[in-house]
Each structure stands twice: as C-alpha cells, then as structure tokens.
4 protein chains.
Amino acid sequence: MAGNTFGTVFKLTTFGESHGPAIGGIIDGCPAGLQLDLEAVQQEMQRRKPGQSAIVTQRKEADTVNFLSGIFEGVTTGTPIGFTIANSDQKSKDYSHLKEAYRPSHADFSYDKKYGLRDYRGGGRSSARETACRVVAGAIAKQLLKDITITAYVSSVGEINLDKAYSDLDFSQIEQNPVRTADAEMAKTMEAYIREVRKEGDTVGGCISCVVQNVPAGWGEPVFDKLHAQLGKAMLSINAVKGFEYGSGFLSTTMKGSKHNDSFVADGSTKTNYSGGIQGGISNGADIYFKVAFKPVATLMQKQQTINTKGEEVELEGKGRHDPCVVPRAVPIVEAMTAMVLTDFWLLNKLSKI
Amino acid sequence: MAGNTFGTVFKLTTFGESHGPAIGGIIDGCPAGLQLDLEAVQQEMQRRKPGQSAIVTQRKEADTVNFLSGIFEGVTTGTPIGFTIANSDQKSKDYSHLKEAYRPSHADFSYDKKYGLRDYRGGGRSSARETACRVVAGAIAKQLLKDITITAYVSSVGEINLDKAYSDLDFSQIEQNPVRTADAEMAKTMEAYIREVRKEGDTVGGCISCVVQNVPAGWGEPVFDKLHAQLGKAMLSINAVKGFEYGSGFLSTTMKGSKHNDSFVADGSTKTNYSGGIQGGISNGADIYFKVAFKPVATLMQKQQTINTKGEEVELEGKGRHDPCVVPRAVPIVEAMTAMVLTDFWLLNKLSKI
Amino acid sequence: MAGNTFGTVFKLTTFGESHGPAIGGIIDGCPAGLQLDLEAVQQEMQRRKPGQSAIVTQRKEADTVNFLSGIFEGVTTGTPIGFTIANSDQKSKDYSHLKEAYRPSHADFSYDKKYGLRDYRGGGRSSARETACRVVAGAIAKQLLKDITITAYVSSVGEINLDKAYSDLDFSQIEQNPVRTADAEMAKTMEAYIREVRKEGDTVGGCISCVVQNVPAGWGEPVFDKLHAQLGKAMLSINAVKGFEYGSGFLSTTMKGSKHNDSFVADGSTKTNYSGGIQGGISNGADIYFKVAFKPVATLMQKQQTINTKGEEVELEGKGRHDPCVVPRAVPIVEAMTAMVLTDFWLLNKLSKI
Amino acid sequence: MAGNTFGTVFKLTTFGESHGPAIGGIIDGCPAGLQLDLEAVQQEMQRRKPGQSAIVTQRKEADTVNFLSGIFEGVTTGTPIGFTIANSDQKSKDYSHLKEAYRPSHADFSYDKKYGLRDYRGGGRSSARETACRVVAGAIAKQLLKDITITAYVSSVGEINLDKAYSDLDFSQIEQNPVRTADAEMAKTMEAYIREVRKEGDTVGGCISCVVQNVPAGWGEPVFDKLHAQLGKAMLSINAVKGFEYGSGFLSTTMKGSKHNDSFVADGSTKTNYSGGIQGGISNGADIYFKVAFKPVATLMQKQQTINTKGEEVELEGKGRHDPCVVPRAVPIVEAMTAMVLTDFWLLNKLSKI
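Since this is a predicted model, take the numbers as computed values, not measurements. (Residues numbered from 1 in each chain as written. Chains lettered and ligands numbered in written order. Predicted model: local features only at pLDDT ≥ 70, side-chain atom pairs only at ≥ 80, totals over all residues. Heavy atoms only, no water.)

Caption draft 1: Structural view of the overall build of chain A. Helices and strands together make up the secondary structure of chain A, namely 7 helices and 17 strands. Relative to the compact-globule value of 20 Å for 354 residues, chain A shows a C-alpha radius of gyration of 21 Å, a close match. Counting only C-alpha atoms, chain A reaches 65 × 50 × 40 Å along its principal axes. By the burial criterion, 69% of the 354 residues in chain A qualify as buried. Total accessible area computed for chain A in this model is approximately 10900 Å², and 48% of it derives from carbon and sulfur atoms. Side chains of chain A give 40 positive and 40 negative charges; the mean places of these two sets differ by 3 Å. (Helix = DSSP H or I, 4+ residues; strand = E, 2+ residues; numbered from the N terminus. Rg over C-alpha atoms; globule rule 2.2 N^0.38 Å. Buried < 20%, exposed > 50% of the residue type's maximum accessible area, 1.4 Å probe, protein only. Areas by Shrake-Rupley, 256 points an atom, 1.4 Å probe, with all protein chains shown as cover. Lys, Arg positive; Asp, Glu negative; His and termini not counted. Charge placed at Lys NZ, Arg CZ, Asp CG, Glu CD.)

Caption draft 2: How the structure looks around the relation of the copies chain B and chain A. After a rotation of 180 degrees and a shift along the axis of 0.0 Å, chain B superposes on chain A with an RMSD of 0.0 Å. Within this description, the copies of the chain are treated as partners about a two-fold rotation axis. (Least-squares fit on C-alpha atoms with pLDDT ≥ 70 in both.)

Caption draft 3: Region of interest: the side chain of S209 of chain B. Looking at the secondary structure, you find S209 of chain B in strand β11 (residues 206-213). Polar side-chain contacts of S209 of chain B include one of 2.8 Å to the side chain of S155 of chain B. (Polar contact = N/O pair within 3.5 Å; in protein donor to acceptor, adjacent residues only side chain to side chain.)

Caption draft 4: Spatial organisation of the sheet that holds strand β17 (residues 313-317) of chain B. Residues and elements named next belong to chain B. In space, the 3 strands of this open sheet follow the order β8-β16-β17, with antiparallel pairing throughout. Looking at which strands have only one partner, the edges of the open sheet turn out to be β8 (101-102) and β17. For strand β16 (residues 303-308) and β17, the ladder comprises 5 bridges, and the chain directions are antiparallel. Looking at β17, one finds that I307 is bridged to E313. (Pairing = 2+ DSSP bridges.)

Caption draft 5: Quick look at the sheet that holds strand β16 (residues 303-308) of chain A. The 3 strands lie next to each other as β8-β16-β17 (chain A), forming an open sheet whose pairing is antiparallel. Two strands bound the open sheet, and with one partner strand each, they are β8 (101-102) and β17 (313-317) of chain A.

Caption draft 6: Looking closely at unusual backbone geometry. Residue and element names in this part refer to chain A. Residues other than glycine seldom take positive phi values, yet E73 does so here, at roughly 55 degrees. Within the secondary structure layout, E73 lies in the loop between β5 (71-72) and β6 (75-76). Assessed through its relative accessible area of 57%, E73 is described here as exposed. Of note, the phi angle at S105 is positive, near 60 degrees, even though the residue is not glycine. The residue S105 is located in the loop between β8 and α2 (108-115) in this model.

Caption draft 7: Structural detail: the environment of L98 of chain C. Residue and element names in this part refer to chain C. With respect to the helices and strands, L98 occurs in the loop between β7 (81-86) and β8 (101-102). For the pair formed by L98 and L316, sequence separation is 218 residues and the distance between their alpha carbons is 8.5 Å. What L98 contacts, discounting residues up to four positions off in sequence, is R103, R118, Y120 and L316. (Contact = heavy atoms within 4.5 Å.)

Caption draft 8: Molecular detail of the packing of aromatic side chains. Applying the stated criterion to the full structure yields 42 aromatic pairs over all chains. Between Y102 of chain A and F109 of chain A, the aromatic rings sit 5.3 Å apart at their centres with planes inclined by 90 degrees, giving edge-to-face as the arrangement. Each member of the pair Y102 of chain A and F109 of chain A is classed as buried. With 5.5 Å between their ring centres and 40 degrees between their planes, F244 of chain C and F290 of chain C make a pair best called tilted. One end of the pair, F244 of chain C, is in strand β12 (residues 241-246); the other, F290 of chain C, is in strand β15 (residues 288-294), and 46 residues separate them in sequence. With respect to burial, F244 of chain C and F290 of chain C carry one shared label: buried. Cluster of aromatic residues (ring-pair linked, three or more members): Y102 and F109 of chain A together with F264 of chain B. Here K114 of chain A stacks its cationic end above the ring of Y115 of chain A, 5.8 Å away from the centre of that ring. (Phe/Tyr/Trp six-rings, centres within 6.5 Å; stacked < 30°, edge-to-face > 60°. Lys NZ or Arg CZ within 6 Å of the ring centre and 35° of its normal.)

Caption draft 9: The relation of the copies chain C and chain D, seen in detail. Superposing chain C onto chain D takes a rotation of 180 degrees combined with a translation of 0.0 Å along the rotation axis, leaving an RMSD of 0.0 Å. Interface overlap between copies: 100% of the residues of chain C at the interface are likewise at the interface in chain D, consistent with a symmetric, same-surface contact.

Written out as structure tokens, the structure is:
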C-alpha cells in the first residue's frame, strides 16, 4: 500500500533509487503462453534511454533489462517476471552538493517531511529513472495486446502547438525526428526551440497526445475504476505530469450537449467521437485518445536560490546532465502506462459475464 | 476488483442502481472514536440533492441517509459503516422508451457490450445517482480531517469563465448563489446563461476548481499513488468529468523552468505555488489546488437520432427532469472525493516512519 | 483494509452489528448473466437460522435477505449486489448487564483495547450473526459453480467422532437430522449428547468436515494464495474456529513419504488422495476435503467469574438464548465460505494463460 | 492478484524459480528510520540454508541476500526494499529426467493443467527455494517488532512427539541441536529417526510449534482478517504444510465451554490461555501460540511409478540432494511468516482509532 504497485490483475511492483546498484520490478499476473519478443522490449528501452539524441540528457546508461524469472524457453510461464536494470552511470559525486539543499520544485523537501530522511543522490526514488521499469512492463503488455495499436506523440513544446486532429497526422513521422512529433516541419521548429532553451540553461514543458486503436467495446470497470480514471491516474503518476484530459477534454466544458453528443449510426459506431472512445467509463469500440501535460523539468543549468535542511538560504546550480525538455523521452512511458492499463482491463473484462 | 471500491485504508464500496429500491455503501476503515455530526452529513446531501434550485433537475428525492452500523451512541466504533439511501422518486415508467434505444453519449451501449444486458431504467448503475454515496463517505471524511478546509466552486460555465486566482475570490459567496461560484456578479451571469440553455432543451458543461488548505507536508505516496494521481483518478471517476489538472496544470506546458520553479523561503514555504502544494506526489504544506472539467450533460430535452439494440435508427426525446448544467450540484461531490483521498493519505502517512 | 472484505475478484464486503437495525453486505464481481434462484438463497439462510431445531438457539430471526441492487428481472447484471438482513429480534435489554463486563473468551476485552469503545449489545460486530451475510454470498457462489458439489457435515461433537472416510458415508442423511452429521445412528448419539450439555447450561465443541467434488484441475494460485491457504483463512475467519487441516492433515506428519505420496495412474488421477485434491496450492481434479475445528461456544448458561472495565471482579450469568453446540448451524457457513473461495479461484483461473 | 504478494500494508512480493539465475522480492511498506542489522538478516538465512547439518539436504547455496534499494547509509528510507538471491548451485542437468514426468504429490501436474507449460527444473516456482525470500522479509519484520519474541521449534517428527506445554520447555536448546527441538534428549531421538529414514531413501513429516510473546492487546482485524486467520493463511502457504491450529486447536472440539473459557483476573490477564492469545480475531495480550503440520517431503530417493505428460506409465527415481525431513529448516520460515503477519497488524492497528 506504499504506492509502488500498479494494476489490479496485471500488476507491476517496482523498486529502486537512481543511484543504488540497480532498479527493477516484478510483473505479476502476466498470463502464461506468451512467446516474448525480448528484442522488442529492449527496443522500447532504447526509445526512453538518455543520450539518444542531441536534445535529451547526455547521461549514458545501457538500460539493459535483466530478466530473472517467469520466462522459460522464451515463453511466459504465468509466474512473476522479475527483472533488474543496473544503474551503470551513477556518478554519486555529482550529487553531494544536494545533501543539505532542497531543490526547488523537486521532491527533496516533501520526502524529508514524509520519511524523516532521504537518499539525496539524484532524486533517489523520486527520480524519473524509475520510469524505466514501467517501460519494461509496458513493452510486455503491448505484446499481450497484439491487435491494438498505441501511438503517443509530442503535440506541443512550450507554446509551439501541433494544432491538428490526430486523424490528419502522419504517425510514421514520429520516430523519424528526435522530438517525436507527428509532423516533419513542426519537428524542426520544436527541436530548434528546445536547443535554444537548453543553451539558456533553462527547460520547457510540453504535451503528449496518445491514440489507442482497435480496443473492443466493453473494457473498463464502472464507477471508481472507469477506464479513463485509471488512464488518468496512470499518466498523472508519471514524473512531471500536471494534467490529463481525454476525448473532448477541457474544451467540452464550453460546448452544448446538442453539439457534444456522439450520435450512433447503424453499425454501432458514432458520427463524432467527442467521447474519446469511452462512455460510462467503458470503451465503446471507437478510438481512445487523450492528452497529457508535462511541466518544465525542475533541474536547471542556472543558479537558483533555495534553502537547506536547516532553513538557511543557499545558492544552487544544476550539475550533471539533464533534459531541457522531457516530452520526447516521455513518449514511450505514456505508451507503456497505457498498455498496462489496457492489459489490466482486458483481463478483468474476461470476468464480466458468465 | 469490479470497480466499486475506492480507497486503500479508508475505503468506500458502493452499490445501487438509480431505479432499484435503494442505493448505499459501506465505509470500511473509519477510525473509532469520531463523534459524528450526522446533521452535517445530511447537510452535504442537501447540497448535492436534486430540486434545490431553479437551475437544477426538479426530481424530488429525500436523499435521507439511513445509517445501519458502525456508529454507537453517536461515535464511530471502528467497524464498517453501512448505509442506504432510498430511491423514493423512481418513476420507472419514464424510462420504458429506453429499453431498446442507446442514448447518445450515455453508457447504454458500452454496458450492453460489457455485460450482455443492462438495467435500462434511468442509467442504472451508470446514473449519477451513485454519487450520493460518495457524498456520505466524503462528509464523514471531512469530519476526520478537522483542521483542513476543502473548498470547491464553479469556475466556468460554458465559455463564461471566472478568471481570477482563488486567492482573490470570496469563498463565502459560494453557497449564496445557486451556481456555487465564488463571485456574486459572475453568479448572475452564469445563472442567466444556464436558464437560457435550459429553455433550449439543451445542456452545457463547465469547470469546478477546488482548493485544499492546511494539509501538512508529507501526505501522498510516491511513484504510482502520488497524491495528485489519486486525486485525478477520484475526479475522473465522477460522472461527466473529462479532464483534470493541478497546480499550474496545462498552462505549465508553455512555461520555462526558470519561471515555473517554486523557490523556497526560509520557513520552508515557497514564493510561488505552481506546484499546487504537491511535489514528487507528496504534499509540501502549501495550498493544494486543482481544476476539473465537466462535459455537457448527455440527456437533452430535444429530439435526437440514435439506434436501438437491433441497429435500427430510432428517434429519441429526453423525458423526465434533468440538469441543464451539472456543475452546481457536482461541487459537493468534488469536495467529497477530495476528502476521501486526503483521509486515506492521512492514515497511510501514519505508517511512513517508525 | 479493516478486514471486512473477503475475496480477490469475487468479493464480499459486510457490515453490521448483531443489535443494530440490520446487517448486510455488497457482493462485487459477480459476473453478469446468472439467472438467480432466490429461493435457493433463502433456503441456505434457513439452514443457518436460529430456532430451526431443539438443539440450537431458540432466538427467532426471520433472516429474510433483502436484495437492493445488481439483479434485474432475476438476472445478475455484473454490478454490485447490495443486500440487507433486518435484525428483527434484537432484545437489546438482554445485554445491558454486559455494558461493563468482559465475558470470558469473548471479544469484549480485545475490542475495547483495539478501538477504545465497543457496541456491547450481544457481541456487536464480533457476533456470529455476521456470518448470515457470508451465507448469502456463498449461496450465490454455489449457483455460479453449477457442476461442483460442496458437502459439509458434522464429523465430531465433543469426543463423539464419526470415524469413517467420507466415501463410506451417506451424504443424503445430512439434512435428515438436526446435528447435520452423515450417519443416522451417530446423529442420535450426538443429539442426545448436545441435549445433555444444554441441560447443564454448558456448551461443547466439534468438527465439520467438507468435501468438494468436480473441481477441475488448475484452480488456486501459487505461493501465497494457494487454494488450501485461502480455504484455511476462510474457515479460520468463521467465529469459534480453532484449527484447519486438509487432505491427510495433521496425520500426515506421522507418515513416511513412500506411503503418503499419491501415485498417478494413466488417466491423470491418483491411486490415493492424501493430497486432498490440491498439489502445490492448485487443484489436481481429485476431491478436495478438509476438516475444521470449532471450540465450545463461550456463552454459558452458568455463573462465571470475570472482571469489568475497571478491573473489578464481577459475576456473570449468560442470559438470552444461545447454542449449546455451534457446529450444526455452522455447516452452511463452511459451505458458503468454500463456495466463495472456489468462485474466486474459478474466475482468477480464467486469467492464467492466453 | 496472481498470488505472489503477501500482506496488506507491509507487503512482500516475490519472484523466481529454483533454477533461474536468481530469486528475489520487493518489500513495500517498511517504515523509514529503521537501522537495519544486515548481519541479523543473513543469520536468519543461515538457519534456513541447505547443507547446515547432516540431517538436511546437502545442496550448497550461498544464499547471500543482495539488497538493491530502500536502504541508505544503513537505514530504511520508506521506499521499497528490492533484493535478489542468486541461485548459485543450479545443476539443471539433474532435472532433465523430469521434463516429461509428473512426480507424485508434487506440483508438476497441477501447474501443467493451470498454465499449459511449466519450468520443470527442480519444481520451478513451486520449489521451496521460494521461501528464502520470505525469510528475508521476516528478518526485517523481526527488527521492526523489537520487543516481541517469536520462537518456533520442532514439536514432532513422525510419531515422536515432544508432548510438553511450551512453558515447560527450554527455548535456549532450540538452536543447539540440528532438529531445532526444545529438548536436548528429544533432539537425539528425533535426529536418530531422521537419519534412519534418510538411509531408507524415505522422508517423514513433523510439526512445528510457535510461541509469540509480548504482543500488545489490539492487534488483528475483525471478521475476515482475524489475526489467527491471517496466521493460518501464512502458514498454510508454506510448502508441505497440511494443517494449522492455534491455542487449544483441535483439542478444543472435545472440551466443554465451562472448562475451555479463559477467566479474566483483575489485571486483565487470564487464568488459562486456551484462547491462544487471540479473542475475536484480536490479540488480548497473552502469549500467542499455534502449531503447523508438515507432510513428508514428496521427493524420495526410491523408485516410484508415475505417468508422463502423455499419460504413459514411467518409473522415476529421485536424484539430487533432498531433505529427509523438512521441519528443521522450516523453523525460521514459520518465524518469518509470523513476523510478517504481526508487522502488518501492528501497522494497521495504528489506524484503528483517532
């Protein structure tokens, strides 16, 4: 109950600080009989990995997943899948200046208040390094969801906004540019802006949009565990996320019902899809789509005033290698959490009727 | 696991369809020794109740909570608090025309796909009537949280937006107007607009903002059960909600880190509060604030085209008594869910250190 | 997490004190589409009911189950099944003498220590009245398990022991005698003994054996949630239970492996069944059988010395109407808990492989 | 939900097959601020380890616990404690003869039926090797429970029964003999018998008794999560366990209430302790004691007839190095599970009243 487990029947429990020997996790509830494509898992890790392009952090981490159980002769056995990922590039010395200081808009202060102590090296448990474990579980979940496609992309960086419906975008562009946006021109503009921000030692936020196609009708549980409520929790649990909306989202608040209602047509589909593929918390067979807001990374390469554990004012300057904008690397994380949520509801839905 | 339980150690499990004999729930994990103010509970019920003003549905429901256990001589005993709320104004006949039809943007279609059948009377389990049980549990949670104040208010109706920081608002206004907004002038504009929309037989969406004050630092659990992730799930589980943001929310995506970071001052507080009182998923002692987006109610008093269970096109016209705008009545629901989330984290935080 | 929920995906949450207005519960996770035989549910209630024969308590309780949700036109809808059972024969006055006194071997003292207060009327939450709710959920579970037969019977009362293998018993006898044992002669001996004990104002313990037939191989989850571990927890959670053994049980500790091992024969069955139908925590298709030990009821119709809440010695004499021997009425409770455990594992097993 | 997690707020999740690269686990919910004695953890591992004496299996496993997170500068941080234990002595070749055969009274057959495949090497997930992870978590739990002493010992081997009340035993003897019984003379008899059984290539069962002292009144949760119900589940989840009884256990079934009731004396303690320190599922401050039945180990060093996956009869002979009697090595496992259950209820009880 201490918050390190996600899921109901397909469950990921993770452990690990950014600067301990390793992070890792246990996936419990993966059905037996899945021929695992381990290369595909590692490929997802590469998408999240630091150092993959000029606009993300230049830390070097191999991020090789070390599977320890639950797979026999390449096939899942139904028993828990344990795994570790070594923290190869720890450089604990980089963080000694943080022992006493509370970095602004980081978790240093709140962890200290909660636990009475903290592993101050690189954020410890609150480091986004933890999300690597989510990508492992998400990559396995994607393989379970075969026919379903989950596509996330960067839809804004700062005020640069890819203002098009997802149906007008070319998803094949996403992995062709370092920003992971779905438009070649926009990618250049965004990339140039991130480079500029990085030069200033500053950071900037952005949005990720995600589209899920081919989800059958009937997934999601009513009342408290609505499909979009669990998706929202999944996204909001990712480091730096400040908001979530699905379907028509915040824009729906300005609309009238007569316009917003999605009329059914004879085959059970709808003319419009303001509902975002979910009605009453349960998928209706239409595309599920949602948007996730990421704040600017809190670690700056600039001097900042802050306080230390004694309440004294101190000056702090970011060291090490950080992301000027987190959204390009967060794309596979958004997809991973989506895949986990859907796998859970796919399994739960097997129990909905006799 | 079928989605009808909310919370980890302070848990609400609910049951009930809108047109069965009663709805109800069980609150498990309420600590013993709380002198319950039952009138205060009923008062919260009145705030949610239909028929309380001219701009909400005119259904008549007594909504009297019938406590069955867990309270002895006015004090909680630590054992589960069971309660029922009779469905006094059922009028099942009103809904016979829905037996075969799938109402647009309702849960009729998706429930049928999931369960193979549904209680078609008034939405059954997917009816917002279910939220009455949340208000009961929230009202008890509020009493456990004594020193903490939770204030929700309507911050927009359609495109009419109360565009002020919460610190510039007069919260004492909220219960003085039927819209439950925190500004007397704005209340009139919003009310007039809702009356107009109702005359058209139409509906409109809106936003609710919520501010929580006096939460100590240290509440919330890291990684998957971050305070804002659980708040987000709580809000997104409320009927008609399409989006959630906390602190700087979606606006943060356009900001640079140098501006967005909340600098600490000597007493441990921060100069700004873009973080919305939560850092790394754990409260930092500052005000927690967030915004929730509600779509326009799907039931219209207009003719709509839709299909029936055989896939044939049929015409549908809303009958009965419905809300032209859901946000005024959703204010106590937002507060109730907030209180439940906070009570859960208050209790869990007692376990964080030895 | 306060202990009032049982099950993982087929879940029962209960509430209620023996002397409040009602007890009740919520069954969440019952699949949709089950045509419920409500008379069969009520029939199980009759088997547990006080006053059904001369050798059980003469309290009069109608024990009529009042279903409030989750069933539409006689069929389960997949939504939670809420129900209440009125406490019609409360006689709270009977218990006023217990306000200050701690009854020996009851839960009065430990509840007071845990909660700082208690509902002293008739045991409150610790009363065996709570088990009525288990019988409701168990009766529904039995209907889900169609082809599986669950047969419990009294196998000993005091030192009178029905020392026969279950395969040598005539199960059709069980409901023919008030003791619910599976042998007509033995029933008379046991009944005479219980009458004698009652005349003394005393009580006596006994054992219930249970046999489950036609469970397919593969039910149960490995490691912590082994089928027999969950069965054991289920039984030990019933009031007055002091022990549980399955298959060869305690006797196995005296045996050698060469004798105890169950040899497989060509069709996958085994020559012997010391394993009790469970290997590695998972059913193997053979009969599951186990035994449950019940202590003598703690409420005597004799004078007893005890202390009050101030630590003063006081004399206590049982009033009201109590069971001299609990096992005849506990037979349907054992069956109910068994049915719930099996239903849970039946559903979970749907998720074990792709 | 696939059965690999134990506990409610102090939770252990484990993974690992006996012949994979490593087993391991995650302890979530360990409060921050515990100065961990890692040597004491390793000492518990030694007590469970193979090869520690002549009467247990001669497999060689270092069983060194490799902690990966949750501990900083020797102190628990409140974040999850991840750990692995390498499988250093795998010898997978020893098990190739089991690829097709179903060993009698093992989990081979039932796993195959459940999952459609299995890791046949040495029992895979169903191997008792898994219990090493329980000992790690239990050793940490013991350190959290400071003032509470948990003492388990072998009370019978085959028909050799240490027939004394625990209060008449000398617990300091337990670690002085390889059988781990609490009587020097009895130890010799038991050891001689185990050696004899081993010579025959056979195995034998036995019982472990456990006494817990200094548990305050108030631990345990009512109804389904009674202290003894959770202890029972914990014990029954250990490999080879067939029965559990606490306090007066099965013997209570032969007693009358007038004898069995534990009379209170002025200080709140009781004259007798047939209740085994638990009343209504909640500790009453008296010693908690219980007994656990272990069947004879199923792997024999004799020829046995069995079937293979095609249903053909085959002959099987145990290879490798196995325990002739499991109880000496199971003593620390019983203590570990006890410690975990108590830690969980200690934490939960912090939430029982305001």
